[in-house]
Amino acid sequence: MKKIFFSPDGCLRSGWQMALYMVVYFAVSQAVTMALSMVVNPLLLFLLGGVEGVRAWPGLMALNYILLAVVNLVAAWALAALFAALNKKRGVKLCFGVGGKGLRQLGAGLLAGAASMAVVAAMLYGFGDMRFTGFGFSPMLAVYLVLFITVGITEETLCRGVLQGALAGRVPAAAVVLVPSVLFGLLHFANPGFGLLPCLNIILVGVLFALVTLRSGSLAAAIGYHITWNFFQGNVFGILVSGTDTNAASLISGELTRANIWNGGNFGAEGGLYVTLLLVVSIALAWKFWPKGEAPAKAAAQLPNEA
């Protein structure tokens, strides 16, 4: 019976670990959300004079996003702590990237995400799929930045951290990259406009971030890439982010002139062939040229190279 649940190394088998991480991720997210609601909602009702006062309060959306950011960080911490406990005997750790090397990898990721979205925006506006409607500045930009920072940390901890780490060294390297990437794609199934091509593109994004993690030896580069991929997409260039409209808090405001397979329609650019082409090229470049970390074998995602 023990062999069903535990590997010869004494740690929980990969499949059970992955299932447990997903359960913990959703359970912690729901529990923290409920706990915050039980505190924040009554306080707002008291301070703002009832339901109508709350609905009329202009800071409500910002507060919701800030609370979501808190939920993200708590979920990421819970996943990292659980991974450390379950894999102690394997000597495997999540490497988030610290010190000068980690900061350089984070910076490289931030630049790569911003550059990627600049290319996408150039294609959308250049080929006439979007038209410029104006410039703007909103305090909500700071709120979205905080939100996307926590989204990057949480989703990379889950997909390129604990899920990839659970498989590392136990299955072929291709499966270490592909299985978490497919799950990453399926996590977006409830987003508006989700379909086959959007799912494929999100999977390719997962593959790209996985390869960046493999090359760099830490999660720092993928986290940075994820942050600016989302923020520049929605809050700099005014493009839908996986079906979510952030145009009200975007430096550049734009709107689709047509919906087609190239621009992704109501899912946004991530659902179109422009991004598919960009991702194929980016994956090839990352595999060949992304700067390696000082000691990548210490990262959980690097263990397939040792198998």
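Scroll up to find the structure this text is about.
To start, this report covers the structure provided alongside it.

Conventions used here
- Residues numbered from 1 in each chain as written.
- Predicted model: local features only at pLDDT ≥ 70, side-chain atom pairs only at ≥ 80, totals over all residues.
- Heavy atoms only, no water.
- Helix = DSSP H or I, 4+ residues; strand = E, 2+ residues; numbered from the N terminus.
- Rg over C-alpha atoms; globule rule 2.2 N^0.38 Å.
- Contact = heavy atoms within 4.5 Å.
- Areas by Shrake-Rupley, 256 points an atom, 1.4 Å probe, with all protein chains shown as cover.
- Lys, Arg positive; Asp, Glu negative; His and termini not counted.
- Charge placed at Lys NZ, Arg CZ, Asp CG, Glu CD.
- Axes fitted to C-alpha atoms, helices over the stretch in contact; angles between N-to-C directions.
- Left-handed = near helix turned anticlockwise from the far one by under 90°.
- Nonpolar A, V, L, I, M, F, W, Y, C, P; charged D, E, K, R; others polar.
- Expected span 1.5 Å × (residues − 1).
- Salt bridge = Lys/Arg side-chain N within 4 Å of Asp/Glu carboxyl O.

### Regarding the overall build of the protein chain
- The secondary structure content of the protein chain amounts to 10 helices and two strands.
- The order of α-helices and β-strands along the protein chain, N terminus first, is α-α-α-α-α-β-α-α-α-α-β-α.
- By the compact-globule yardstick of 19 Å for 307 residues, the protein chain fits well, its C-alpha radius of gyration being 20 Å.
- Dimensions along the principal axes, computed over C-alpha positions, put the protein chain at roughly 60 × 50 × 40 Å.
- Excluding contacts between residues fewer than 6 apart, the proportion of contacts in the protein chain whose partners are at least 24 apart in sequence is 77%.
- As displayed, the protein chain offers around 14,600 Å² of accessible surface, 73% of which is attributable to carbon and sulfur atoms.
- Separation between the mean location of the 18 positive side-chain charges and that of the 10 negative ones in the protein chain comes to 16 Å.

### Examining the packing of helix H6 (residues 140–167) against helix H9 (residues 220–236)
- Orientation of H6 relative to H9, taken along the N-to-C sense of each, is 145°, at an axis distance of 8 Å. Crossing angle aside, the handedness with which H6 passes H9 is right-handed. Residues Leu-141, Tyr-144, Leu-145, Phe-148, Ile-149, Val-151, Gly-152, Ile-153, Glu-155 and Glu-156 of H6 pack against Ala-222, Ile-223, His-226, Ile-227, Asn-230, Phe-231 and Asn-235 of H9.
- Taken together, the residues that form the contact of H6 with H9 break down as 11 nonpolar, four polar and two charged.

### Things to note about helix H4 (residues 60–86)
- Its 27 residues give H4 an end-to-end C-alpha distance of 39 Å, which sits within 8% of 39 Å, the value for a rise of 1.5 Å per residue.
- Among the structural elements, helix H2 (14–48) and H6 are those in contact with the buried residues of H4.

### Considerations on the pattern of salt bridges
- For the structure on display, the rule yields six salt bridges.
- Of the charged contacts in the structure, one is a salt bridge between Asp-9 and Arg-90, with a shortest N-O distance of 3.8 Å. Here Arg-90 lies in the loop between H4 and helix H5 (99–126) and Asp-9 lies in the loop between helix H1 (2–5) and H2, a separation of 81 residues in the sequence.
- The network of salt bridges with common partners includes Asp-9, Arg-90 and Arg-170.

This is a description of form; function is not addressed.
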